[in-house]
Amino acid sequence: MSKPEILLAGPYPEWDMVDLEDRYVVHRLYEASDRDAYLKDVGANIRAIATRGELGASAELMQSLPKLEVVSVYGVGTDAVNLPHARENGIRVTNTPDVLSEDVADMALGLLLSAARLIPHGDAMVRSGLWGKTAMPLVTRVSGKRVGVVGMGRIGQAIAQRAAAFGCDIRYFSRNPQTQVSFSHEPDLIALAKWSEFLVVIVPGGDATKNIINGKVLEALGPEGILINVSRGSTVDEDALIAALRNRAIKAAGLDVFLNEPTIDPRFLELDNVVLQPHHGSGTVETRRAMGQLVRDNLAAHFAGKSLPTPVV
Ligand code: 8YV
C-alpha cells in the first residue's frame, strides 16, 4: 500500500522526522519559496497537515488540499486553526494538551522571577565587568505576593500551584469559576488587576480574548505591578503595554509570546523593564518529545481508523 501524503507546515525535530518519513510521504511547506505554486504542485493528494501552534492552518490552506482529512497541531493552542472551516468540511483536528502544561508554567514563573529579581540585568552586569563598579538595584520580592492568574485551565492551575508554593496569595479570572480548584474566582478582570501585584496571562488565544489585557487592566495593575504573558500575543494590547512600560505605569513585564512572531514590535527591544523570550514555554527536550509523539500518535490513529488520542474537532 502506498504511504499517505502529509504536509508539514513548519519544522519538527529530527526524532519526529525519522518516524514521519518512515510512515508518510512528507511535503515541507516551510521550505517552499512560492507557497501557492508548491501547493498547486503537491496539494492534490495530501491527506494530513502536521502544523505548529503558532502556524495553525487557515481556511485557505485547508481549501487548497482537496483530500485533507486531519490537521495535527504540535501545541495545545488551536487559535490559528480555522476550526469552523474544519468542522464544516469534516476535517479532524488534534492538539497536544497536558504534556506541556508543567513546562509552560515553569516558564511563567521563570519570567516572573526574572522580571522581579532583574536576573537578566544582574547577568549583564557581571559579564560586563560592572560588578563592584556600579550598584545592582534592589529588586522586588516574589514570595508571599498577590498573584492574579488570567485563565484557570490546565496551565493556569500549574502556574497557580507554583505560585502557591512561593507562599503567594492567588486569585483568578475566567469566564466561569473552576469548581475543582481552591483558589478564589474573581469575575471582574479590572478588580483582579487592582488586587494583583503580579498578573499572569494564560487564556487561549482567539477572538474571545483579543486584547483582554488592555490599557485599563494595565492601569489597574499599577506602577508596582508586573505582567507575565505565556498565552498568545493577541491577548495583550501591545501598544498599550509598550506605553505602560515606557511610562512606568506598570513596573515590568515578562513575555514569551507576541503579536508578530518572530518579527516582534521593535519598541520592545528598547525597554529595560521587559524580559523577552522566543515563544519557548514548551521548548524542553522532554516536552517536545512528548508533543511530537502525540502528533504522530494522532496521525497514526487516524490512518488506522482508530479513535484519536487528543481530538479537538
Ligand atoms: C509551542 C504553543 O511553542 O502549545 C502551544 O499552543 O504555542 C507552544 O507550546 C508551539 O506550538 C510549537 O510550535
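Residues numbered from 1 in each chain as written. Predicted model: local features only at pLDDT ≥ 70, side-chain atom pairs only at ≥ 80, totals over all residues. Heavy atoms only, no water.

So, about unusual backbone geometry. That bond from E261 to P262 is cis: its omega, 0 degrees, falls within 30 degrees of zero. Topologically, P262 is positioned in the loop between strand 11 (252-255) and strand 12 (274-276). At N211, a residue that is not glycine, the phi angle is positive and equals roughly 55 degrees. Among the secondary structure elements, N211 is positioned in the loop between strand 9 (198-201) and helix 9 (215-221). The residue H279 is not glycine, and still its phi comes out positive at about 45 degrees. One can find H279 in the loop between strand 12 and helix 11 (285-303). (Helix = DSSP H or I, 4+ residues; strand = E, 2+ residues; numbered from the N terminus.)

Spatially, the seven strands line up as an open sheet ordered 8-7-6-9-10-11-12, and their pairing is parallel. Each having just a single partner strand, strand 8 (184-185) and strand 12 make up the two edges of the open sheet. The pairing of strand 9 with strand 10 (residues 226-229) spans four bridges and is parallel. Across the sheet, the residue bridging to V200 is I228, located in strand 10. The strands touched by helix 10 (residues 238-246) are strand 10, strand 11 and strand 12; relative to strand 11, the strand with the most contacts, the crossing angle is about 140 degrees. (Pairing = 2+ DSSP bridges. Contact = heavy atoms within 4.5 Å. Axes fitted to C-alpha atoms, helices over the stretch in contact; angles between N-to-C directions.)

Below, the discussion takes up the pattern of salt bridges. Inspection of every chain in the model, using the stated rule, returns 17 salt bridges. Of the charged contacts in the structure, one is a salt bridge between E54 and R52, with a shortest N-O distance of 3.3 Å. When its relative accessible area of 39% is taken as the criterion, E54 is described as partly exposed. Between D98 and R154 there is a salt bridge, with the nearest N and O atoms lying 3.6 Å from each other. Of this pair, D98 sits in the loop between strand 5 (92-94) and helix 5 (101-117) while R154 sits in helix 7 (residues 154-165), and the two are 56 residues apart along the sequence. (Salt bridge = Lys/Arg side-chain N within 4 Å of Asp/Glu carboxyl O. Buried < 20%, exposed > 50% of the residue type's maximum accessible area, 1.4 Å probe, protein only.)

Helix 11 packs onto helix 1 (residues 14-23) with a crossing angle of 15 degrees between their chain directions and a minimal axis gap of 10 Å. Between helix 1 and helix 11, the interaxial angle falls into the category roughly parallel. Crossing hand, helix 1 versus helix 11: right-handed. Between helix 1, through W15, D16, D19, L20 and R23, and helix 11, the contact on the second element is made entirely by V285, R288, R289, G292, Q293, R296, L299 and A300. Residue composition of the contact of helix 1 with helix 11, by class: five nonpolar, two polar and six charged. (Parallel < 35°, antiparallel > 145°, perpendicular 65-115°, else oblique. Left-handed = near helix turned anticlockwise from the far one by under 90°. Nonpolar A, V, L, I, M, F, W, Y, C, P; charged D, E, K, R; others polar.)

All right, on to the domain arrangement of the protein chain then. Segmenting the protein chain into domains produces domain 1 (5-99 + 286-303) and domain 2 (101-276). Computed over C-alpha atoms, the centres of domain 1 and domain 2 are 31 Å apart. The interface of domain 1 with domain 2 comprises nine residues on the first partner and eight residues on the second. Carbon and sulfur atoms supply 39% of the area buried between domain 1 and domain 2, which totals about 620 Å² over both sides. (Domains from an automatic or database assignment. Buried area = accessible area lost by both parts, 1.4 Å probe.)

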